[in-house]
Amino acid sequence: MKTLKNGELWYDTQGNVIHAHGGCMLKKDGYYYWYGENRNDDNYISCYRSADLREWEFRRHILTTHSPVSKSRVKASLTLVNEKGGKVNLERPKVLYNAATKKYVLWVHYENGENYREAACAVATCDVPDGDFVYHGHFNPFGYMSRDCTLFQEEDGTAYFISAARDNADLHIYRLQEDYLNIDSLVNRLWQGEYREAPAVFQRNGTYYMLTSFCTGWKPNQGKYGTAESMDGKWSILKEFGDETTFHTQPAFVMPIGSPDNREFLYISDRWDEEDYNHSSYVFLKLTFDAEGGLHLEYDENVPLEGRKGWKEKGIDDGEASGNS
């Protein structure tokens, strides 16, 4: 049985380093699809899949400088490059499946590749989870800055886009339109002036949790989380989890594992290497909860999958929704 060590470089089934930084996972037909940043060559976003969270098969670079572009937005250029012909930055990609349109919809933080003044979000879509995504351009939601971001989907299909605004000082929660291609409304502004980034949202036993990090660039810091009874309701003050560096990680996503009556939550995070981005690695840890719903994170050098013949025996959710329970 393959054992993954946290903080080491991980390799796909072809022996190549996995590049899925700042990413997310989506479950479909018995597979976990893992999306993340890949800054090599002409690539932006890569996709891998696995049946057991151990063996990862490279599927495709789903967004590159040569990806097809829809002119549905004014700011959609003919190619995914900036005005000087160089690469833009696409960071922290998140993907949801829209059952109504039967589209996989990707939201991502967009910068122009020269500076971080654009502070925009961008959207892309595809008919399959691992195909060539069509780029629909970038924009500033209602004119606000939008940096580190994530998505969350309710069981009824309602979806939210969460991103850092006002030079990262605040976090905004936006409800998406029914097709997930645009913003419907700004429904919440959280933790004004506390400079939280890298949001990761999930739901457990009717409580919504949002994990974040402080803004310290590539350097790790103390993770904090807040809770609420609804996405657009009142959120708690921030509480600490993990140690003073969150075990040298930054949140990327929280993956629900197992059936609804036997749910566990996997903290998926990045361990950044500020000297060599391509040497950045991943840390997967199990989240635990006390009787009052308090969240806890302890370190394990091994990814907590050992002793099981694959998560299917615990009941993989083969639906398309991710991030909730």
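What counts, and at which threshold
Residue indices follow the written sequence of each chain, beginning from 1 at its first position. Given that the model is predicted, a residue must reach a pLDDT of at least 70 before its local features are reported, and side-chain atom pairs must reach 80 or more before they are shown or counted; all residues, however, enter totals for whole chains, interfaces and linings. Derived side-chain values reflect all non-hydrogen atoms in the structure, with water molecules and hydrogen atoms excluded from consideration. UniProt positions are given in the numbering used here, feature names are shortened, and annotations may be inferred rather than shown by experiment. Secondary structure follows DSSP: runs of H or I at least 4 residues long count as helices, runs of E at least 2 residues long count as strands, and numbering of each begins at the N terminus. Only C-alpha atoms enter the radius of gyration; for comparison, a globular chain is expected to reach 2.2 Å times N to the power 0.38, where N is the number of residues. For every residue, the accessible area (1.4 Å probe, protein chains only) is compared with the maximum for its type, and the residue is labelled buried under 20%, exposed over 50%, or partly exposed between those bounds. Throughout, a contact is declared for two residues whenever any of their heavy atoms are within 4.5 Å. Strands were regarded as paired on the criterion that DSSP finds at least two bridges between them. Only rings of Phe, Tyr and Trp enter the pairing, Trp through its six-membered ring, and a pair is recorded when the two centres are within 6.5 Å. The plane angle decides the type: under 30 degrees is stacked, over 60 is edge-to-face, the rest tilted. Each residue carries a pLDDT score, the predictor's own confidence in it, on a scale running from 0 to 100.

With an unreviewed UniProt entry as reference, the protein is termed Family 43 glycosylhydrolase, source organism Candidatus Acetatifactor stercoripullorum. The Sequence similarities (unreviewed entry) comment attached to the protein in UniProt states, word for word, "Belongs to the glycosyl hydrolase 43 family."

**Remarks on the overall build of the protein**
Helices and strands together make up the secondary structure of the protein, namely zero helices and 20 strands. What you see for the protein is a C-alpha radius of gyration of 18 Å, in line with the 20 Å of a compact globule of 325 residues. Each principal axis of the C-alpha atoms in the protein carries an extent, and together these give about 50 × 45 × 45 Å. Across the 325 residues of the protein, 57% fall into the buried class. In the protein, the proportion of contacts linking residues at least 24 apart, taken out of those at least 6 apart, comes to 50%.

**As for the pairing of strand β3 (residues 43-50)**
Counted residue by residue, β3 has eight buried out of eight residues, so it is predominantly covered. The sheet contact formed by strand β2 (residues 31-37) and β3 spans six bridges and is antiparallel. Within β3, the position partnered with tyrosine 35 by the bridge is cysteine 47. Taking the residues between adjacent antiparallel strands as the criterion, β2 and β3 are bridged by five residues, where aspartate 41 takes a positive phi near 55 degrees.

**Focus on the packing of aromatic side chains**
Tallied over the entire structure, the rule returns 27 aromatic pairs. Taking the centre distance of 5.9 Å and the plane angle of 75 degrees together, the rings of tryptophan 107 and phenylalanine 139 count as edge-to-face. You can see tryptophan 107 sitting in strand β6 (residues 103-111) and its partner phenylalanine 139 sitting in strand β8 (residues 134-139), a full 32 residues away along the chain. Of the residues examined, phenylalanine 139 reaches a relative accessible area of 12% and is grouped as buried.

**Details of the confidence of the model for the protein**
Detailed conclusions should not be drawn from predicted coordinates in areas where pLDDT is low. Taken over all residues, the pLDDT of the protein has a mean of 92, while the share at 70 or more is 91%. Note on residues 307-321: pLDDT under 50 across the span, and 45 contacts to partners over four residues away in sequence or across chains.

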